[in-house]
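The chain contents come next:
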Amino acid sequence: MSSSHMAPPLDVELRPGRTPVLHVRLTTDAPSWVAQQRDALRAAVTQHGAVLVRGLGLRTAEEVAAVFQGLGTGLMAEREAFAPRTSYVEGVYSSTKWPANQPMCMHNELSYTLEVPSLMLFACLTPPASGGVTGVADSTVVMSRLPQELVQRFAREGWTLVRNYNDEIGASYADAFGTDDRGAVEAYCRANSIEFEWRPDGGLRTRQRRHALVGHPVTRQACWFNQIAFLNEWTMDPDVHEYLVDAYGAENLPFTTCFGGGEPVGADIVELLNEVYDANTLREPWQAGDLMLVDNVRMAHSREPYEGDREVLVGMSAPLRMPVPGVAR
């Protein structure tokens, strides 16, 4: 057994309504410290769901990449993106490009794919002038606060994501799938249980049904793991939604979600989900140099509106293969 397994637990600060914080004083460089503490940090994430590490003084994308690589089990390339990111170093991305004045609601990253990151890594190089918190919410708590008949329905049916890709709004299929080769896109869809249909205008419509609840890979506890609310049309800014429906038609919105059986998820359910997430959100404002580790199965995360420049880098690690609803395991 390595010495790192014998190390005492890290002294994580816990405060009501706040993200757990670990304050560190470095006697070495950040990548070396993180590599030495890797097992203790991962254990803290398993215990608390998310930990913000303060005091590393991260300043460059290269340093962040070294820290991410020291923490993870390989960094994943993003597939099926719903909005563009900038790639800094292989496996290290910008935050999703999303209007600064609009929130990104709670979600589990890439929970509509079949290979999901079980560990999310965030590093703040430039904190915003105000706002811009990356909030986290424990999905087991959220699930316990939701109406149980709703949870049970999603447990039975799963949820379906419907996407329309074109070159005008949202991500194009070339952005999302990393290629503009239709044959390669079709092969990816078939391999990942995604129904697809090429539109007369050259766009692409896809449907994919996924589990709304999954077992945690370590604790086996059932977790509310999805993007039912975030990728639903009713989470959009009302003016944006009205414009898109007028311009493209309700059937051609860039994304929306349904129950697994195909019935639309209404505005009332989306509002309820977002209210429960909000009531159970932990927040800690970013400071320059911060690192945050998030258990992506247990914890949803969000991004609040902000003002000023904001540079938060993102890495996805520890890939986990998800079962397909209705397919024998």
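All of the points below concern the structure found in this document. Each chain carries its own residue numbering, running from 1 in the written order of its sequence. At least 70 in pLDDT is required for a residue's local features to be given in this predicted model, at least 80 for side-chain atom pairs to be given and counted, and no such filter applies to totals for whole chains, interfaces and linings, which use all residues. With hydrogens and water set aside, each side-chain value is computed from the structure's full complement of heavy atoms.

### What to know about the nonpolar core
Within soluble globular proteins, side chains that are nonpolar generally end up buried alongside one another.
At step 1: Membership of the largest hydrophobic core comes to 52 residues, with the highest contact counts inside it found for Phe82, Phe122, Phe154, Trp224, Ile228, Leu273 and Val294.
At step 2: Under the scheme used here, helices are H or I runs from DSSP no shorter than 4 residues and strands are E runs no shorter than 2 residues, and both carry numbers assigned from the N terminus. Counting residues per element, this core draws most heavily on helix α10 (residues 267-279), which supplies five residues.
At step 3: Residue contacts are counted whenever heavy atoms from the two residues lie within 4.5 Å of one another. Residue contacts for Ile228: discarding those within four places in its chain leaves Phe154, Trp159, Ala212, Thr257, Val265 and Leu273. Here, nonpolar core refers to any group of buried Ala, Val, Leu, Ile, Met, Phe, Trp, Tyr and Cys residues whose side-chain atoms link them within 4.5 Å. Burial classification: accessible surface area is computed with a 1.4 Å probe over protein chains only, and a residue below 20% of its type maximum counts as buried, one above 50% as exposed, and the rest as partly exposed.

### A few points about the layout of surface pockets
At step 1: Using a grid of 1 Å spacing that covers the protein atoms alone, one calls a set of points a cavity when a 1.4 Å probe fits there but cannot get out, and a pocket when the set is open and has protein on both sides within 12 Å along at least five of seven lines; lining residues are those with an atom within 4 Å of a point. Grid points are joined across faces, edges and corners, and a volume is the space filled by probe spheres set on the points. Considered as a void within the structure, the largest pocket measures approximately 510 Å³ in volume.
At step 2: As for the largest pocket, its lining consists of 22 residues, of which Trp98, Pro99, Gln102, Val240 and Phe255 are closest to the centre.
At step 3: Three classes are used: nonpolar for Ala, Val, Leu, Ile, Met, Phe, Trp, Tyr, Cys and Pro, charged for Asp, Glu, Lys and Arg, and polar for all others, with Gly counted as polar. Grouping the constituent residues of the lining of the largest pocket by class yields 15 nonpolar, five polar and two charged.
At step 4: Quantified by volume, the second largest pocket comes out at close to 270 Å³.
At step 5: As for the second largest pocket, its lining consists of 15 residues, of which Glu233, Ala250, Glu251, Thr256 and Cys258 are closest to the centre.
At step 6: Of all elements in the fold, only β9 (159-165), β11 (204-210) and β14 (255-259) reach the threshold of two or more residues within the lining of the second largest pocket.
At step 7: It is β14 that contributes the most residues to the lining of the second largest pocket, four residues altogether.

### Regarding empty space enclosed by the protein
At step 1: Scanning all chains against the criterion turns up three cavities of 30 Å³ or more.
At step 2: Its boundaries defined by the atoms lining it, the largest cavity holds a volume of some 150 Å³.
At step 3: Of all elements in the fold, only β5 (104-107), β6 (115-126), β17 (299-303) and β19 (311-321) reach the threshold of two or more residues within the lining of the largest cavity.
At step 4: No other element matches β17, which puts three residues into the lining of the largest cavity.
At step 5: As a volume, the second largest cavity reaches approximately 50 Å³.
At step 6: Surrounding the second largest cavity, Phe82, Arg163, Asn164, Tyr165, Ile169, Gly170, Ala171, Pro254 and Phe255 form its lining.
At step 7: No other element matches the three residues that β9 contributes to the lining of the second largest cavity.
At step 8: Residues of the lining of the second largest cavity, tallied by class, amount to six nonpolar, two polar and one charged.

### Notes on the pairing of strand β10 (residues 195-198)
At step 1: In terms of strand pairing, β10 meets β11 through four bridges, oriented antiparallel. Residue pairing in the sheet places Glu197 in a bridge with Arg205 of β11.
At step 2: The turn linking β10 back onto β11 is made up of five residues, and Gly202 within it adopts a positive phi angle of 90°. Pairing between strands requires that DSSP locate at least two bridges from one strand to the other.

### Concerning the sheet that holds β11
At step 1: Taken together, four strands build an open sheet; the order of strands is β10-β11-β9-β14 and the sheet is antiparallel. Looking at strand neighbours, the two that pair on one side only are β10 and β14, the edges of this open sheet. Averaged over all pairs of adjacent strands, the angle between strand axes in this sheet comes to 15°, irrespective of strand direction.
At step 2: Alignment of β9 against β14, held across five bridges, turns out to be antiparallel. In the strand pairing of β14, Leu161 is matched with Thr257.
At step 3: Strands β9, β11 and β14 of the sheet are contacted by helix α6 (residues 148-157), whose axis makes an angle of about 100° with β14.
At step 4: Every axis corresponds to a line fitted to the C-alpha atoms, with the helix fit spanning only the stretch in contact, and the corresponding angles, defined between N-to-C directions, vary from 0 to 180 degrees. Packed on one face of the sheet, helix α8 (residues 182-191) meets β10 and β11 and runs near 155° to β10.

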